[in-house]
Amino acid sequence: MVVGVALGFVVGILPGLGGAVTLALLLPFTFSMDPVPAFALLLGMYVVAATAGDITSVLFGVPGEASSAAVVLDGYPMTRRGRAGRALGAVLTSSGIGALVGAVVLVVLIPLIRPIILNIGPPEFFALAVLGLTFVVTLSSGKLLKGALACLFGVLVSLVGLDPATGSPRFTFGLLELWDGISIVPVVIGLFGGAEVLQLMMQKGSVASTNPASASVSGVGAGVRDALRRWPLAVRSGAIGTGLSLVPGMGGSVAQFVAYGHAKSVSKNPEEFGKGSVEGVVAAGATGVAKDCGSLIPTVAFGIPGSASSAVLLSAFLILGLDPGKEMLTTELDVTMSMVWIALLATVIAIGVALALVRPLAKLSYVSGPLLIPFLLLLLSIGAFTENNSWTDVLVMLAFVVVGVACIRWDWPRVPLLLGFVLGEILERYIFLSNSLFGAAWITRTPVLAIGACIVAILASHFVRERRAARRLQMAASAAAAGPAVDLSTEHRSHDREGVL
């Protein structure tokens, strides 16, 4: 497990060298192992990679893992303000809370989830994907039209490649390399990491704007306390990460951004999100290990991998002579429970080591930009290339660097674009299967109608909040224009409190 944790650190910090790739490389070493030591090596690496990926997301705005992209939104702005230690302390502590939530849910749900998942079909998966897109609304407050257009652009990008129904190429421009579609890794690295590196290159300073001579790398304890004070948010975000990861294809980035959107929707200071909000860091960090625990549930319970990494783990089951399903819940229950403990203990060890290294790591944010940029560009290029060993991915990454810089320059949200890209393929696949299997009748299925009601409720609550916020701003503007002689009435103050609630 310790060897796996060490490998997980390296894999998580290097962009693009994802957990699935490293799991595949480690499989040959497990051939002669017993099941428990084999999963100690594999899961030790797998769950720690997500935690380590948050480190580069906070320090440099470069996601170490595709599922660490949401940490960039508030972790990197905190670093630019000279609060890297506090951001790292908060994200690592919330990751530990999320791991605990994921482990508890894993233990509770493994015996119960089988009949639930087996009764969910393509129509329900499609409705869940639409629900994920609905959270674009909460992530684009004040910029709803821009968020919707960015989301549609992401969906269009996801359509590049062969049509799954007819096999005809779409948007490939005659390039054979695009027939397999566009991978998520170069998109995430370019849209978030590359854009931030280019911004750093243009400003010719260090990542942190604070003067390094007068700055002290501190705040780790404050970050830990921030996360502990917000433990209900971390628990809810961990539960969201675990719950969404139960659905094949819905984990990773989707779970993290949905948890981030939830944190923003319930926050008393939603305007701080994207500018260095500790709540945003806590919500995004808590889903890191929790989503990995969630994707293990369908893999162990009935052999359906919830993610690419889970698919590699499924092959490890077969190599070790284990049969996912009833056997893992009865005769091999000790192996299943050992996986829970391995995931939890590996995360605790990784967080302890990372917290011990926070101070020297945070000092990297004060290193001069011209010294860091060549190293970061090398990491970005390696990360984009190693996903498929293709130079086309490097060019895709550079294209999305341009898109990311344009979004920053003209104040367009990047998160809806990424969410649309991730969910576009899922939407297309499940609407095709729904129409093929059920015709138009799938719209009237009870779970689909229930999820549709949730979507309507989310949209309605968003518009109500927007109207109340606009009314409060109008009242404040009127009071300011009237001067100090005007006093807000009790009725107005009561209405303002109601709007906050």
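Above this text sits the structure in question.
Because the structure is predicted, anything quoted here is derived from the model rather than measured.

Caption draft 1: Spotlight on the packing of helix α5 (residues 84-109) against helix α12 (residues 231-245). Contact pair α5 / α12: the axes reach a minimum separation of 8 Å and the direction vectors enclose 50°. Here α5 lies oblique to α12, going by the angle between them. In terms of crossing hand, the pair formed by α5 and α12 is right-handed. Side by side, α5 and α12 meet where I97, G98, V101, G102 and V105 of the first sit next to W231, A234, V235, G238, A239 and T242 of the second.

Caption draft 2: Region of the structure containing a nonpolar patch on the surface. Taken together, the side chains of L100, V104, V107, V108 and L112 define a hydrophobic patch exposed on the protein surface, amounting to about 420 Å² of accessible area. By the element assignment, L112 lies in the loop between α5 and α6 (113-118).

Caption draft 3: Quick look at the packing of helix α7 (residues 122-134) against helix α21 (residues 415-438). The interhelical angle for the contact between α7 and α21, taken along N-to-C directions, is 150°, at an axis separation of 8 Å. Here α21 runs roughly antiparallel to α7, going by the angle between their axes. α7 and α21 meet at a crossing whose hand is left-handed. Packed against α7, whose contacting residues are P122, P123, F125, F126, A129, V130, G132 and L133, the element α21 presents L419, G420, L423, I426, L427, Y430, I431, L433, S434, L437 and F438 at the interface. Residues that form the contact of α7 with α21 fall into these classes: 16 nonpolar, three polar and no charged.

Caption draft 4: Structural view of the packing of aromatic side chains. Enumeration according to the criterion identifies four aromatic pairs in this entry. Ring geometry for Y260 and F273: centres 5.5 Å apart, planes at 75°, overall edge-to-face. Taken as a pair, Y260 in helix α13 (residues 253-266) and F273 in the loop between α13 and α14 (278-302) lie far apart in primary sequence, 13 residues in all. Using a relative accessible area of 4% as the deciding quantity, one classes Y260 as buried. Owing to a relative accessible area of 8%, F273 belongs among the buried residues under this scheme. Judged by centre distance (4.8 Å) and plane angle (45°), the rings of F385 and W391 are tilted. Using a relative accessible area of 65% as the deciding quantity, one classes W391 as exposed. One cation-aromatic arrangement involves R429 over Y430; the distance from NZ or CZ to the ring centre is 5.3 Å. Directly above the ring of F438 sits R445, whose terminal nitrogen or CZ lies 4.6 Å from the centroid.

Caption draft 5: Quick peek at the nonpolar core. Formed by 128 residues in total, the largest nonpolar core has its most connected members in F9, F39, L43, F192, F257, L313 and L418. At 16 residues, the largest contribution of residues to this core is made by helix α3 (residues 35-60).

Caption draft 6: Seen up close, unusual backbone geometry. Its identity is not glycine, yet F171 carries a phi of approximately 55°, on the positive side. Structurally, the position occupied by F171 is in the loop between β2 (169-170) and α10 (184-203). Overall, the relative accessible area of 45% leaves F171 in the partly exposed class. You will see that D411, though not glycine, has its phi angle at about 60°, which is positive.

Caption draft 7: Molecular detail of the pattern of salt bridges. Taken as a whole and judged by the stated rule, the model has seven salt bridges. Between R170 and D163 there is a salt bridge, with the nearest N and O atoms lying 3.7 Å from each other. No difference in accessibility class separates R170 from D163, as the two residues are buried. The partner of R429 in a salt bridge is E425, with the nearest N and O atoms 3.7 Å apart.

Analysis parameters
- One numbering rule holds for all chains: residues counted from 1, following each sequence as written.
- This being a predicted model, a pLDDT of at least 70 is required before a residue's local features are given, and a value of 80 or more before pairs of side-chain atoms are given or counted; all residues contribute to the totals for chains, interfaces and linings.
- Each side-chain value is derived from all of the structure's non-hydrogen atoms; neither hydrogens nor water enter the calculation.
- Between N-to-C directions, angles cover 0 to 180 degrees, with each direction set by a line fitted to C-alpha atoms, over the stretch in contact for helices.
- Elements are defined by DSSP. Helices are runs of H or I of four residues or more, strands are runs of E of two residues or more, and each kind is numbered from the N terminus.
- The cut-offs work like this: below 35 degrees is roughly parallel, past 145 is roughly antiparallel, 65 to 115 is roughly perpendicular, and the gaps in between are oblique.
- Crossings are sorted by hand: turned counterclockwise from the far helix by less than a right angle, the near helix makes the crossing left-handed, and turned clockwise it makes it right-handed.
- The criterion used for residue contact is that any of the two residues' heavy atoms lie within 4.5 Å.
- Here the term patch refers to residues with relative accessible area over 30% and no salt bridge, with like charges joined within 9 Å and nonpolar side chains (Val, Leu, Ile, Met, Phe, Trp, Tyr) within 5 Å.
- Every accessible area reported is derived by Shrake-Rupley at a probe size of 1.4 Å, with residue values counting cover from the shown protein chains alone.
- The rule for a salt bridge is simple: a side-chain nitrogen of Lys or Arg has to be within 4 Å of a carboxyl oxygen of Asp or Glu.
- When residue character is reported, Ala, Val, Leu, Ile, Met, Phe, Trp, Tyr, Cys and Pro are called nonpolar, Asp, Glu, Lys and Arg charged, and the others, Gly included, polar.
- Within 6.5 Å between ring centres, the rings of Phe, Tyr and Trp (the latter by its six-membered ring) count as paired, and their orientation is classed by plane angle as stacked under 30 degrees, edge-to-face over 60, tilted in between.
- Working definition: with a 1.4 Å probe on protein chains only, accessible area under 20% of the residue-type maximum means buried, over 50% means exposed, and in between means partly exposed.
- A ring is considered to have a charge above it if a Lys NZ or an Arg CZ atom is located within 6 Å of its centre and within 35 degrees of its normal.
- Nine residue types can take part in a nonpolar core, namely buried Ala, Val, Leu, Ile, Met, Phe, Trp, Tyr and Cys, and a core is a set of them joined through side-chain atoms within 4.5 Å.

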